[in-house]
Amino acid sequence: MNPVKKAVFVSVGCLCVALGVMGAFLPVLPTTPLLLAAAFLFSRSSQRLNDWLVKTKVYKAYVEPINAGDGIPVRKKITILGFSYVVMAVSAIVVARPLVWAILGCVALFLLWLIGFRVPTAPAAAENRIR
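Thresholds applied
- Residues numbered from 1 in each chain as written.
- Predicted model: local features only at pLDDT ≥ 70, side-chain atom pairs only at ≥ 80, totals over all residues.
- Heavy atoms only, no water.
- Patch = residues over 30% accessible without salt bridge, like charges linked within 9 Å, V, L, I, M, F, W, Y side chains within 5 Å.
- Areas by Shrake-Rupley, 256 points an atom, 1.4 Å probe, with all protein chains shown as cover.
- Salt bridge = Lys/Arg side-chain N within 4 Å of Asp/Glu carboxyl O.
- Helix = DSSP H or I, 4+ residues; strand = E, 2+ residues; numbered from the N terminus.
- Buried < 20%, exposed > 50% of the residue type's maximum accessible area, 1.4 Å probe, protein only.
- Axes fitted to C-alpha atoms, helices over the stretch in contact; angles between N-to-C directions.
- Parallel < 35°, antiparallel > 145°, perpendicular 65-115°, else oblique.
- Contact = heavy atoms within 4.5 Å.
- Nonpolar A, V, L, I, M, F, W, Y, C, P; charged D, E, K, R; others polar.
- Core = buried A, V, L, I, M, F, W, Y, C linked by side-chain atoms within 4.5 Å.
- 1 Å grid on protein atoms, 1.4 Å probe; cavity = no way out; pocket = protein on both sides within 12 Å on 5 of 7 lines; lining within 4 Å.
- Points joined across faces, edges and corners; volume = space filled by probe spheres on them.

K.L.:
Explain a nonpolar patch on the surface here, please?
P.N.:
On the surface, Leu109, Phe110, Leu112, Trp113 and Phe117 cluster together into a nonpolar patch covering about 510 Å² of accessible area. Note on placement: phenylalanine 117 falls in helix H7 (residues 98-118). Residue classification places phenylalanine 117 among the exposed positions, given a relative accessible area of 65%.

K.L.:
I'm lost on the packing of helix H2 (residues 31-43) against H7 in this one. Help?
P.N.:
Two measures define how a pair of helices packs: the angle their axes make with one another and the distance between the axes. Viewed as axis vectors pointing N to C, H2 and H7 meet at an angle of 85 degrees, and their least axial separation amounts to 11 Å. In terms of orientation, H2 lies roughly perpendicular with respect to H7. Contacts between H2 and H7 involve Pro33, Leu36, Ala37 and Phe40 from the former and Phe110, Leu111, Trp113, Leu114 and Ile115 from the latter. A class-by-class count of the residues in the contact of H2 with H7 yields nine nonpolar, no polar and no charged.

K.L.:
Would you take a moment to explain the nonpolar core for this structure?
P.N.:
What tends to happen in soluble globular proteins is that the nonpolar side chains get buried as a cluster. Ranked by internal contacts, the top residues of the largest apolar core, which has 29 residues, are Cys16, Leu36, Ala38, Phe42, Leu53, Ile115 and Val119. Looking at this core, the elements that each hand over two or more residues are helix H1 (3-23), H2, helix H3 (47-55), helix H4 (57-62), helix H6 (74-95) and H7. Looking at which element gives the most residues to this core, the answer is H2, with nine residues. Look past the residues within four positions of isoleucine 115 in its chain and what remains in contact with it is Pro33, Leu36, Lys77, Ile80 and Leu81.

K.L.:
Please clarify how the layout of surface pockets should be interpreted in this entry.
P.N.:
Empty space among the atoms becomes visible once a probe the size of a water molecule is rolled across them. Each pocket or cavity is described by its volume, and for the largest pocket that value is around 640 Å³. The wall of the largest pocket is formed by 23 residues, among which Cys16, Leu19, Leu34, Met88 and Val107 lie closest to the centre. Looking at the lining of the largest pocket, the elements that each hand over two or more residues are H1, H2, H6 and H7. For the lining of the largest pocket, a count of residues per class yields 21 nonpolar, two polar and no charged.

Structure (structure tokens):
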């Protein structure tokens, strides 16, 4: 992998982990999507960081149940996306800068791709078990 690309993946992955851990305590940050993004980025850039991440308590609490099961129920996916988009919209309104809007737009598209298409959707029967 290109060293610059690897450095970007590692840096963004570390940022996602930091925000994801904060999200475990703050209701405005979505923990699971951030940790999933970090796992995705680390798996493509640093085996050592990926191994570390999957051993952390926060990863085991938020991501492992999804990986071990059938995926995320549709209702939970909608909740994750909806809550994340509301927080991003408030951030965009408060900051009101085109650069921030562009960054948030990219994050929103990445989150839609990650949650909507990359993360498996649990069957309807599994949704009742997970609640």
